[in-house]
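Coordinates in review
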Amino acid sequence: MPLPDEPRRVALLGGGFSTDSDGVLDDWVLGLARRLRPKVCFVPTASGDAEGYAERFLAAFAGRDCEPSVLRLFRRAADDASLRAHLLEQDVVYVGGGNTANLLAVWRVHGVDRLLVEAYARGTLLCGISAGANCWARGSHTDSFGPLTFLPDGLGLLPGSVCPHYDSEPGRRPSYLRAVASGALPAGWALDDGAGALFTDGAVTRTVARAPGAHLYRVEPDGRGGVTETVLGP
């Protein structure tokens, strides 16, 4: 059981086993865990529990010094008590990419949103890529509905908003800047592919990159109808 004063942490990932062959960001996440041999649960809800995605996670983490597992909700087998027990015993919950809006809807139906908030308060490291990064903030920038748009409907563990794939998807950066400038999304954090960011108790405490030029950005309204964009680290 974690100590009552254990910090609450979220890590945003611009890569990992699903996109990179070097494993740098996944190794970084494991290095942040509170135990030397952490329990790591992959949650592929945003992909509809795509079996190939889960298999790639297990293959990538089987050779690491950890205890990997997968939480599937579309063919759920665990009752409420077992589901809660499994999530709360994890040291790391790693959420995969896909559709952010669908992810949040399914979590709420099964009560996983409440369990993750409880796990966060107990010191479990929450992390993820793409939709798995979006979900932790109050709002996010997403293509869940087809065109790029805003979704002011996250778990709210991070203040403000999150935008993934900032440097890699056409239209992503200008669309997010417009959303923040207009107030459709609150000020927030944009993450390049290849970068990672650790938030402790809601504040950025570490940034990393597996490639030159990959950054975390702070994006805020400038009070004149535009935004300011500040590069943070690594």
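Everything quoted here is computed from the prediction, not taken from an experiment.

Our next topic: helix α3 (residues 80–88). By the burial criterion, the buried members of α3 are Leu83, Leu87 and Leu88. Taken around the axis of α3, the buried residues stretch over an arc of 115°, which confines them to a single face. Against β4 (92–95), α4 (100–110) and α5 (112–121) lie the buried residues of α3.

Counting 38 residues, the largest nonpolar core has Leu12, Leu87, Trp107, Leu116, Leu126, Trp136 and Leu158 as the members making the most contacts within it. Ignoring sequence-local partners within four residues, the contact set of Leu116 consists of Leu87, Val93, Trp107, Leu126 and Trp136. Judged by nonpolar contacts, the second largest core, of 24 residues, contains Leu32, Ala33, Ile129 and Leu198.

Attention now goes to the sheet that holds strand β3 (residues 67–70). The strands making up a sheet are joined through hydrogen bonds of the backbone, oriented either antiparallel or parallel. Taken together, the 7 strands give an open sheet; going across it, the order is β3-β2-β4-β5-β1-β10-β11, and neighbouring strands pair in mixed fashion. Two strands in the sheet have a free side with no partner beyond their single neighbour: β3 and β11 (203–209). Each adjacent strand pair in this sheet contributes to an overall mean axis angle of 20°, direction not counted. Relative to β11, strand β10 (residues 195–200) runs antiparallel, the two being bridged by 6 bridges. Bridge pairing links Ala195 to Ala209 in β11.

Bringing the pairing of strand β12 (residues 216–221) into the picture now. Relative to β12, strand β9 (residues 188–191) runs antiparallel, the two sharing 4 bridges. Pairing of Trp189 across the sheet is with Arg218, part of β12. Pairing of β12 with strand β13 (residues 227–232), which is carried by 6 bridges, proceeds in the antiparallel orientation. By the bridge assignment for β13, Val219 is matched with Glu229. Connecting the antiparallel pair β12 and β13 is a turn made up of 5 residues, with Gly223 showing a positive phi of about 80°.

The next thing to look at is the environment of Pro159. Inspection of the secondary structure assignment puts Pro159 in strand β8 (residues 158–163). With a relative accessible area of 46%, Pro159 lands in the partly exposed category. Taking C-alpha positions, Pro159 is 9.0 Å from Trp136, a pair spaced 23 residues apart along the chain.

To continue, consider the packing of aromatic side chains. Per the counting criterion, the structure on display carries 15 aromatic pairs. Measuring from centroid to centroid gives 5.8 Å for Phe17 and Tyr53, while their planes differ by 40°, and the two rings are tilted. One end of the pair, Phe17, is in the loop between β1 (9–13) and α1 (24–32); the other, Tyr53, is in helix α2 (residues 51–62), and 36 residues separate them in sequence. Taken together, the ring pairs connect Phe17, Phe42, Tyr53, Phe57, Phe61 and Tyr94 into an aromatic cluster. The ring of Trp189 has Arg218 sitting right over it, with the charged end atom 4.4 Å from the ring centre.

What counts and what doesn't
Residues numbered from 1 in each chain as written. Predicted model: local features only at pLDDT ≥ 70, side-chain atom pairs only at ≥ 80, totals over all residues. Heavy atoms only, no water. Buried < 20%, exposed > 50% of the residue type's maximum accessible area, 1.4 Å probe, protein only. Helix = DSSP H or I, 4+ residues; strand = E, 2+ residues; numbered from the N terminus. Arc of directions from axis to C-beta. Contact = heavy atoms within 4.5 Å. Core = buried A, V, L, I, M, F, W, Y, C linked by side-chain atoms within 4.5 Å. Pairing = 2+ DSSP bridges. Axes fitted to C-alpha atoms, helices over the stretch in contact; angles between N-to-C directions. Phe/Tyr/Trp six-rings, centres within 6.5 Å; stacked < 30°, edge-to-face > 60°. Lys NZ or Arg CZ within 6 Å of the ring centre and 35° of its normal.

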